[in-house]
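Observations on the three-dimensional arrangement
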Amino acid sequence: MTALALDAEDPVLDAAHRRMRARAREVAPALREAALAIDADPARMDDHLDNPAFRLFRAMSIPERFQDERYRAEVKGLPRDFLAQMICSMELARGDAGAMFAGPAPALAGVVVRTLGDERQQAAFYERVADGATWAFCAITEPQAGSDATRMQTALTPADPADRSGDWLLSGAKKYVGNGSRGGVGVVFAQTGNSPLSVRAALLELPAPGAHGEALDMIGLRGARISEMTFHEVPIARDRLLGAHLPATRRGMWGAVTAFYGARVQISATAVGLAAAVYDYVRAERRTPAPAAERRVLETAALRIAAAARLVHRTALLVEADQGRGDASALCKLEAVRLVGDVTRRLPALLGRGALLDHPLLEKWVRDAAALELMEGTSDIQRLRLAQDFARSGAVPAGSDPVPAGGDGVPVVGDGVPAGEGG
């Protein structure tokens, strides 16, 4: 791929993280080779399961203690921290973001299980996804309530009404669930009572009686198989309720919100990688020397991509050091999504009229970039989160509106979590 400022050395990256970048860059072309086929038929994945990029992405997501020799060999000599995972995501997305999300991997469910699950629950989850043919899902958002915990309708009720310490039955509906139509194991958030602290996460293996998932008709990131799921009295064993070993305040939505903070950084890394892919492609496909004005467009894009990559690196370090840094992850996603939107709107025009018709990958990437705006909270949600944090810091006088006139009047629910967060 064509070199650009993204390839310049960032002082944050030591030799080990540069090896991680090189390894991910080595396998990323395999995603681009499969990109259009996956986009055309995302349900047909059997031909792609041995993709080397899928293996690396999965190996980086499975904790070392749950890895077999195959996965240990895949990441031998590579760092496994959050920064390394974001570098991996950025470089694989530079191959193709939609294809990257299409592969079987722990995904957001893995973050929730690591945060809320005990050792046995984590082992059960990772043994399933380690087979390389099992997708994971994380079901939080609901058709009518978004991810507003105070309005969540999906419920866990005791299988025996006289015994709340026994097994449970799961009933309700979820929407916008990645891999919900084909997932083999995942996490479902549901209410066990009437208070915000009664939200719990259940580990669910599929197929299961009463559970059904159906893929939505998507335009962008079609490989992610965004789905809707329904549950009717699905049996949940007592030992599959996550967080029993944790304080009540850290059993439910705390785990979801913590997972969102990390997921936003991954979406940011994906957005930067996708922007770099568009830049690479346009640079490579230009047939004539660019006039000065077009060179400035390319140079500006390269500098912005490099700056956004450094922002992702630093945000990954902040979030790993303090899982409560939702402000950092919100700012990172806001900037990265703005970047990829600008790049996918402006750079294809440098290839002339009809560029999106002549270059199917560019057309696909425009669709994929639009989908990233909607994942893990829209830009309006990120702006509201940042405004709230600014107000809490004391920089805004008490009683004044932290959102400027003409700003984003998005409703806030619960303890300040915006409605639709994570949807």
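Up top is the structure.
Let us look at the structure shown here.

Procedures and definitions
- For every chain, the first residue of the written sequence is number 1, and numbering continues from 1 along that sequence.
- Since the coordinates come from a predicted model, pLDDT governs what is reported: local features require at least 70, and pairs of side-chain atoms require 80 or more to be given and counted, while whole-chain, interface and lining totals use all residues.
- Side-chain measures here rest on the full set of heavy atoms in the structure, leaving out hydrogens and waters.
- Only DSSP runs of H or I covering at least 4 residues are called helices, and only runs of E covering at least 2 are called strands; the numbering of each starts at the N terminus.
- Radius of gyration: over C-alpha atoms. The globule rule applied is 2.2 Å multiplied by the number of residues raised to the 0.38 power.
- Burial status follows relative accessibility: with a 1.4 Å probe on protein chains alone, a residue under 20% of its type maximum counts as buried, one over 50% as exposed, and anything between as partly exposed.
- By the convention used here, residues are in contact when the closest approach between their heavy atoms is within 4.5 Å.
- All accessible-area figures derive from a Shrake-Rupley calculation using a 1.4 Å probe, and residue coverage is judged against the displayed protein chains alone.
- Neither His nor the chain ends contribute to the count of charged residues, in which Lys and Arg are positive and Asp and Glu negative.
- Here the site of a charge means atom NZ of a Lys, CZ of an Arg, CG of an Asp or CD of a Glu.
- Being paired, for any two strands, means DSSP has found at least two bridges between them.
- Working definition: a ring pair exists when centres of Phe, Tyr or Trp rings (six-membered ring for Trp) sit within 6.5 Å. Plane angles under 30 degrees give stacked, over 60 give edge-to-face, the rest tilted.

Turning to the overall build of the chain, a few remarks are in order. For the chain, the helix and strand inventory stands at 12 helices and nine strands. Rg of the C-alpha trace for the chain: 21 Å, near the compact-globule value of 22 Å for 423 residues, within the 12% margin. In terms of principal-axis extent, the alpha carbons of the chain reach across some 75 × 55 × 40 Å. Here the chain holds 423 residues, and 55% of them are scored as buried. Of all intrachain contacts in the chain linking residues separated by at least 6 positions in sequence, the fraction that spans at least 24 positions is 75%. Total accessible area computed for the chain in this model is approximately 18000 Å², and 53% of it derives from carbon and sulfur atoms. For the chain, the distance from the average site of its 50 positive side-chain charges to the average site of its 53 negative ones is 4 Å.

As a further point, take the pairing of strand β4 (residues 183–191). The buried count for β4 comes to nine of nine residues, which makes it a mostly enclosed element. Where strand β1 (residues 135–139) meets β4, five bridges bridge the pair, whose relative direction is parallel. Bridging across to β4, A139 finds its partner in V188. With seven bridges joining them, β4 and strand β5 (residues 199–205) adopt antiparallel strand pairing.

Overall, the coordinates contain three aromatic pairs when judged by the stated rule. Aromatic side chains F125 and Y126 sit 5.0 Å apart centroid to centroid with 85° between the ring planes, which places their arrangement in the edge-to-face category. Neither residue differs from the other here; F125 and Y126 are each classed as buried. With 5.9 Å between their ring centres and 90° between their planes, Y281 and W365 make a pair best called edge-to-face. Of this pair, Y281 sits in helix α7 (residues 253–285) while W365 is found in helix α11 (residues 360–374), placing the two residues 84 residues apart along the sequence. Judged by relative accessible area, which is 14%, Y281 ranks as buried. By the ring-pair criterion, three or more aromatic residues cluster together here, those being F66, F125 and Y126.

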